[in-house]
Amino acid sequence: MPRLSHTLDLDALEREDVTGSLDEVHRVLRDARFDDEGHLLIPDEAEQERLERRAEELGVIDPEQTRERRKREADLPDVEHSLRLLSGEHLTPGAHYLFSSLGEDGEPDFPDEAEGWVGTDLTVDSWDAEGRCAVDFAMREDPAVTGFDDPVTTGTVVHDRAARTLSVHGRMRFPAPMSMVGKNSSLLQVEVSFHVDLPGWYAALSGEPGAAAPARFEVRHPLVRAVGEALPSPAPDGRWSVATSLEVRGRGPARPLVAVAAWAMLRSMRRSEEMSVEQWVAEVERSWAETARALPALPELLEEVAEAMARARHRLP
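All chains use their own residue numbering, which begins from 1 and follows the written sequence. In keeping with the predicted nature of the model, local features appear solely for residues at pLDDT of at least 70, side-chain atom pairs appear and are counted solely at 80 or more, and the whole-chain, interface and lining totals rest on all residues. To obtain the side-chain values, all non-hydrogen atoms of the structure were used and water was disregarded.

A.B. asks: Any chance you could explain the overall build of the chain here in plain terms?
C.D. replies: Helix and strand counts for the chain stand at 8 helices and 14 strands. Here the term buried applies to any residue with accessible area under 20% of the maximum for its type, exposed to any over 50%, and partly exposed to those in between, with areas from a 1.4 Å probe on protein chains only. Residue burial in the chain is summarised as follows: out of 317 residues, 36% are buried. By definition in these notes, contact holds between two residues if any of their heavy atoms fall within 4.5 Å. Look at the contacts in the chain between residues 6 or more apart in sequence, and 56% of them connect residues 24 or more apart. Summing over all exposed atoms, the chain offers an accessible surface of approximately 18600 Å²; the carbon and sulfur share of this is 55%. The way it works is that DSSP assigns letters per residue, a run of H or I at least four long becomes a helix, a run of E at least two long becomes a strand, and they are numbered from the N terminus. Per-residue and other accessible areas were derived by the Shrake-Rupley procedure at a 1.4 Å probe size, with only the shown protein chains allowed to occlude residues.

Here it is in structure tokens:
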């Protein structure tokens, strides 16, 4: 079956910086506060500007990128994102939140590029401060666009703080003319999973023999299955050499057809001038380098964000 592989040359990330950043993200979530109507409280504008300046001082964000972002936002409608606790206690099993967008009048605002999205429900499945934290998500979408009354995109995000692993599993359904396939046909459904094992990643870098790929994603459909993996190894200059691969396999009677289609697609990607593998690799390496430069200061910034969230009194419109 067709297989696409490439080796990335990446800046090394210190394990303590990664784990420290993840721990501080949990602290930001823990220190979030909500008013009596369930609206998330956020720092006022002056505090937000201070945190942005602090991020620039620490090198977490590039001042030039900030200026470019503000220029782009100046030409866009004024839209705020809203997170509301609809029921339950914050970060306890069963707590139910709604994430959506609000316009200048405080009413829900759904831009054209959202393609039918009207909000995302978030429900805490489990939350152990030192163990498994799991949140289910379901994207609310306009039935007139999707053809379905219930959410077409659902899934679960799991972060195990003890095992230091992150997993995402999603399920999606796609619209199709009813004359072609039944509304509930499995042909309209696809499952996507992603898993990162942080201890396994650094074990591979230490040269542990027989280490399995610590980063893996998989796409499953009744007619096709695609698996991608990443396995790091130390490079002589202290950087990381990360071997990546993508393998596409047909399932059942579609196996020969999918094999030919996948082969043609991968061959086209290798030759394409608009979307070449080399361009994709260069962009990944550039983005990773930016992350590597910012990561050492990120825990300190997130600590300040958590403190600001704990003091917050300002509510979105």
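What follows continues from the structure just given.
A.B. asks: I tried to follow a nonpolar patch on the surface on my own but got confused; where do I start?
C.D. replies: Among the surface-exposed residues, Val157, Leu166, Phe194 and Phe217 lie close enough to one another that they form a single nonpolar patch of about 290 Å² accessible area. Tracing the backbone shows Val157 in strand 8 (residues 153–160). The exposure class of Val157 is partly exposed, given its relative accessible area of 31%. Here a patch means residues that are over 30% exposed by relative accessible area and free of salt bridges, tied together within 9 Å if like-charged and within 5 Å if nonpolar (Val, Leu, Ile, Met, Phe, Trp, Tyr). The salt bridge definition used is simple: a Lys or Arg side-chain nitrogen within 4 Å of an Asp or Glu carboxyl oxygen.

A.B. asks: Would you mind going over unusual backbone geometry with me for this structure?
C.D. replies: With the exception of glycine, most residues fall at negative phi, and the peptide bonds are largely trans. The backbone of Leu91 sits at a positive phi, close to 60 degrees, despite the residue not being glycine. Tracing the backbone through its elements, the reader meets Leu91 in the loop between strand 4 (80–87) and strand 5 (96–102). Residue Arg164 is not a glycine yet carries a positive backbone phi of 60 degrees. Its location among the elements puts Arg164 in the loop between strand 8 and strand 9 (165–173).

A.B. asks: Mind showing me how you'd approach the nonpolar core here?
C.D. replies: Grouped burial of nonpolar side chains is what soluble globular proteins tend to show. By size, the foremost hydrophobic cluster in this structure holds 15 residues, and its most contacted members are Leu13, Val18, Trp201, Tyr202, Trp240 and Val242. Of all elements in the fold, only strand 1 (3–10), helix 5 (198–205), strand 13 (240–250) and helix 7 (277–294) reach the threshold of two or more residues within this core. Once you skip the residues sitting within four places of it in the chain, Trp240 turns out to touch Leu8, Asp9, Leu10, Asp11, Ala12, Leu13, Trp201, Tyr202, Leu205, Ser233, Ala235 and Trp288. Among buried residues, those of type Ala, Val, Leu, Ile, Met, Phe, Trp, Tyr and Cys that are joined through side-chain atoms within 4.5 Å constitute a nonpolar core.

A.B. asks: Please explain the sheet that holds strand 3 (residues 40–42) as it appears in this structure.
C.D. replies: Two modes of strand pairing occur in sheets, parallel and antiparallel, and in both the strands are linked by backbone hydrogen bonds. Spatially, the 3 strands line up as an open sheet ordered 2-3-14, and their pairing is antiparallel. Only two strands of the sheet have a single neighbouring strand rather than two, namely strand 2 (33–34) and strand 14 (314–315). Paired strands, in this sense, are two strands between which DSSP finds at least two bridges. Pairing of strand 3 with strand 14 involves 2 bridges; the strand directions are antiparallel. What sits directly across from Leu41, in strand 14, is Arg315.

A.B. asks: Got a minute to help me understand the packing of aromatic side chains in this structure?
C.D. replies: For any two aromatic rings, the description comes down to two numbers: the centre-to-centre distance and the angle of the planes. For Phe, Tyr and Trp, where Trp contributes only its six-membered ring, two rings pair if their centres lie within 6.5 Å, and the inter-plane angle classes them as stacked under 30 degrees, edge-to-face over 60, or tilted in between. By the definition in use, this model includes 4 aromatic pairs. Ring geometry for Phe34 versus Tyr97: centroids 5.8 Å apart, planes at 50 degrees, classification tilted. Taken together, the residues Phe34 in strand 2 and Tyr97 in strand 5 connect sequence positions 63 residues apart. For Phe34, a relative accessible area of 18% corresponds to the buried category. Residue classification places Tyr97 among the buried residues on the basis of a relative accessible area of 5%.

A.B. asks: Whenever I open this one, the pairing of strand 9 confuses me. Can you help?
C.D. replies: For a regular strand, the rule is simple: side chains alternate between the two faces of the sheet. Pairing of strand 8 with strand 9, which is carried by 8 bridges, proceeds in the antiparallel orientation. Bridge pairing in strand 9 links His159 to Leu166. In sequence, strand 8 turns back onto strand 9 through a hairpin of 4 residues, with Arg164 there showing a positive phi of about 60 degrees. As judged from the 9 bridges shared by strand 9 and strand 10 (residues 189–197), these two strands associate in the antiparallel manner. Opposite Met172, over in strand 10, you have Val190 as the bridge partner.

A.B. asks: Hey, could you run me through the pattern of salt bridges in this one?
C.D. replies: Pairing between side chains of opposite charge can happen when the charged atoms of each approach one another. Taken as a whole, this structure holds 24 salt bridges when the rule is applied. Between Arg164 and Asp23 there is a salt bridge; the shortest N-O distance is 3.0 Å. Placement of the pair is Arg164 in the loop between strand 8 and strand 9 and Asp23 in helix 1 (residues 15–31), with a sequence separation of 141 residues. One salt bridge connects Asp31 with Arg30, and the closest N-O pair in it is separated by 3.0 Å.

A.B. asks: What am I meant to see in the pairing of strand 11 (residues 215–221) here?
C.D. replies: Bridge count for strand 10 against strand 11 is 6 bridges, and the pairing is antiparallel. Bridging from a neighbouring strand, His195 pairs with Arg216 of strand 11. Looking at chain direction, strand 11 and strand 12 (residues 224–234) are connected through 7 bridges and run antiparallel. Looking across to strand 12, one finds that Arg220 is bridged to Arg225.

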